[in-house]
Amino acid sequence: MAIDYKTGQLYTDDRRCNPRGRCRLFLVVLDLRSGREITRVRVKGTKPSIGQIFIGPHAVYYVATDTNDPNGYVTRVTAVPR
């Protein structure tokens, strides 16, 4: 998980699996004050990670090491305020 105190947001990952065992991984953004889910973005990966979310000045970076590929994968997530 990662917390951005300036924006009041918490970033975490969430894995959702169907009964056949096929899983999808998401980066989830929560509002720290209300607990409301702001958004959910699908990211590449097969298992949730620990300490792999980095907050940059204009984006959040999700680093997946378990992708069933020989290399890891970095997902850059940005959002435009409404």
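Further up the page is the structure itself.
Given the structure is predicted, the values throughout are model-derived calculations rather than measurements.

A. Local environment of the sheet that holds strand β5 (residues 53-55). Taken in spatial order, the three strands line up as β5-β6-β7 in an open sheet, and their pairing is antiparallel. Unpaired on one side and paired on the other, β5 and β7 (73-77) mark the two borders of the sheet. Shown here is a sheet whose adjacent strand axes are inclined to one another by a mean of 20 degrees, direction ignored. Note that β5 and strand β6 (residues 60-64) share three bridges and pair antiparallel. Along β6, the bridge assignment pairs Ile53 with Tyr62.

B. Seen up close, the nonpolar core. Of all hydrophobic cores here, the largest spans 11 residues; its members are Ala2, Tyr11, Leu25, Leu27, Val29, Val43, Ile53, Val60, Tyr62, Ala64 and Val77. Among the elements of the structure, β3 (23-31) and β6 are those that each provide at least two residues to this core. Non-local contacts of Val43, meaning those with residues more than four positions away in its chain, are made with Leu25, Phe26, Leu27, Tyr62 and Thr75.

C. Examining the environment of Lys44 more closely. As for its placement among the helices and strands, Lys44 is situated in the loop between β4 (37-43) and β5. Of the residues examined, Lys44 reaches a relative accessible area of 34% and is grouped as partly exposed. Between the C-alpha atoms of Lys44 and Leu25, which are 19 residues apart in sequence, the distance is 6.7 Å.

D. Spotlight on the state of the cysteines. Tallied over the full model, the rule gives one disulfide. Residue Cys17 pairs covalently with Cys23 via a disulfide, S to S 2.0 Å. Looking along the S-S bond of the Cys17-Cys23 disulfide, the torsion reads about 105 degrees, which is the right-handed sense.

E. Seen up close, the sheet that holds strand β2 (residues 9-17). Within the open sheet, the four strands sit side by side as β1-β2-β3-β4. Their pairing is antiparallel. Both edges of this open sheet fall to β1 (2-4) and β4, since each of them pairs with a single strand only. Shown here is a sheet whose adjacent strand axes are inclined to one another by a mean of 30 degrees, direction ignored.

Cut-offs and rules
Residues numbered from 1 in each chain as written. Predicted model: local features only at pLDDT ≥ 70, side-chain atom pairs only at ≥ 80, totals over all residues. Heavy atoms only, no water. Pairing = 2+ DSSP bridges. Helix = DSSP H or I, 4+ residues; strand = E, 2+ residues; numbered from the N terminus. Axes fitted to C-alpha atoms, helices over the stretch in contact; angles between N-to-C directions. Core = buried A, V, L, I, M, F, W, Y, C linked by side-chain atoms within 4.5 Å. Buried < 20%, exposed > 50% of the residue type's maximum accessible area, 1.4 Å probe, protein only. Contact = heavy atoms within 4.5 Å. Disulfide = S-S within 2.5 Å.

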